Amino acid sequence: MRAMALTLLLTACATTPVDSEFVVQDGDFAGLETWQHWQIDATAPGSFHTTGPRIVYLNRKPPAGATAFPVGTILVKTLLNGSGDTFAMVKRGGSYNADWAIGWEWMEITNKTGAWQIVWRGNTPPDGAGYSEDGVSCNLCHSMARSNDYVQSAALKLPIP
Ligand code: HEC
């Protein structure tokens, strides 16, 4: 009996799908200029990230009524101040970044060579990324939008109709 229970348990473990992660690649950003996007002009003082005109791009809207962004969601924000600074947050899923913005991977991307490429990526910017003073600022600021799955833009308030 015990052996049978063990066999059943092992079978169940073997067939339980692991929560799969989406590991974004450079090519996934191709054509992002054609994605749904919003321009924001209002300045929230305190960070160059929220100063001056900027555009937010979304690769695909969550299903109607969703209260979280699905794995595979790519959000990009580019600053229109001439710097070309472009940041992304990608719903990687699984237990990624579980202590902060659960499931989200942060990155900076650039198209200076003509095609979008990831400059850095991770659960926080690397030291010397020239962005954060404390190394956790993506997580800190975006945690203020925890109830909206860490996404800040007013246009992306869940559920999106
Ligand atoms: C000073 C607070 C602050 C910091 C730090 C910050 N963000 Fe944001 N972020 C915002 C706000 C506010 C928005 C909403 C859009 C806007 O007003 O520009 C936003 C929007 C975004 C968006 C568009 C999706 C969304 O949430 O609306 C991305 C992508 C993004 N940020 C990436 C990053 C990355 C990557 C980092 C770290 C390198 C970072 N952010 C650090 C405040 C911050």
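Above this text you will find the structure in question.
We now turn to the structure provided with this report. (Residues numbered from 1 in each chain as written. Predicted model: local features only at pLDDT ≥ 70, side-chain atom pairs only at ≥ 80, totals over all residues. Heavy atoms only, no water.)

## Here we look at the overall build of the protein
Part 1 of the argument: Across its full length, the protein carries 2 helices and 6 strands.
Part 2 of the argument: Helices and strands in the protein line up, N terminus first, as α-β-β-β-β-β-β-α.
Part 3 of the argument: Here the protein holds 161 residues, and the buried ones make up 39% of them.
Part 4 of the argument: Of all intrachain contacts in the protein linking residues separated by at least 6 positions in sequence, the fraction that spans at least 24 positions is 44%.
Part 5 of the argument: On the protein, roughly 9200 Å² of surface is accessible, and the fraction owed to carbon and sulfur atoms is 60%. (Helix = DSSP H or I, 4+ residues; strand = E, 2+ residues; numbered from the N terminus. Buried < 20%, exposed > 50% of the residue type's maximum accessible area, 1.4 Å probe, protein only. Contact = heavy atoms within 4.5 Å. Areas by Shrake-Rupley, 256 points an atom, 1.4 Å probe, with all protein chains shown as cover.)

## Comments concerning the site of the ligand
Part 1 of the argument: Taken together, 23 residues form the shell around the ligand, and within it H49, R54, C138, C141 and H142 come nearest.
Part 2 of the argument: The separation between an oxygen atom of the ligand and a polar side-chain atom of R54 is 2.4 Å.
Part 3 of the argument: Contact between the ligand and K77: an oxygen atom at 2.6 Å from a side-chain N or O atom of the residue.
Part 4 of the argument: Those elements giving two or more residues to the shell around the ligand turn out to be β2 (54-58), β3 (74-79), β4 (86-91), β5 (104-110) and α2 (137-143).
Part 5 of the argument: For the shell around the ligand, the leading source of residues is α2, giving 4 residues. (Near = heavy atom within 4 Å. Polar contact = N/O pair within 3.5 Å; in protein donor to acceptor, adjacent residues only side chain to side chain.)

## A word on the coordination of the iron atom of the ligand
Part 1 of the argument: The iron atom of the ligand binds to the protein through H49 (NE2) and H142 (NE2); the donor distances cover 2.0 to 2.1 Å.
Part 2 of the argument: Residue classification places H49 among the buried positions, given a relative accessible area of 14%. (Donors = N, O, S within 2.8 Å, 3.2 Å for Na, K, Ca; no water.)

## Describing the nonpolar core
Nonpolar side chains in soluble globular proteins tend to end up buried together.
Part 1 of the argument: Among the nonpolar cores identified, the biggest contains 16 residues, and F69, L75, M89, W104, W106, V151 and L156 are the most heavily contacted of them.
Part 2 of the argument: Those elements giving two or more residues to this core turn out to be β2, β4 and β5.
Part 3 of the argument: Setting aside its immediate chain neighbours within four residues, W106 contacts A88, M89, N97, A101, W120, R121, G122, N123, T124, C138, N139 and H142.
Part 4 of the argument: Within the second largest apolar cluster, 14 residues are counted, among which are I55, V76, A88 and M107. (Core = buried A, V, L, I, M, F, W, Y, C linked by side-chain atoms within 4.5 Å.)

## What to know about unusual backbone geometry
Part 1 of the argument: Here the bond from L158 into P159 is cis, since omega is -5°, no more than 30 degrees from zero.
Part 2 of the argument: Positive phi values are uncommon outside glycine, yet N97 reaches one of about 55°.
Part 3 of the argument: Even without a glycine there, the phi angle at Y150 is positive, about 70°.
Part 4 of the argument: When you line up the elements, Y150 lands in the segment after α2.
Part 5 of the argument: Residue classification places Y150 among the buried residues on the basis of a relative accessible area of 5%.

## Quick look at the environment of I74
Part 1 of the argument: Tracing the backbone shows I74 in strand β3.
Part 2 of the argument: By relative accessible area, I74 is classed as buried at 2%.
Part 3 of the argument: Along the sequence, I74 and W104 sit 30 residues apart, while their C-alpha atoms lie 9.6 Å from each other.
Part 4 of the argument: With sequence-adjacent residues up to four places away left out, I74 is seen in contact with F22, V24, D28, F29, W35, Y57, L58, N59, M89 and V90.

## Some details on the pairing of strand β6 (residues 117-122)
Part 1 of the argument: For β5 and β6, the ladder comprises 5 bridges, and the chain directions are antiparallel. Bridge assignment links I109 to a residue of β6, and that residue is I118.
Part 2 of the argument: Between β5 and β6, which pair antiparallel and follow one another directly, the connecting turn spans 6 residues, one of which, G114, has a positive phi of 100°. (Pairing = 2+ DSSP bridges.)

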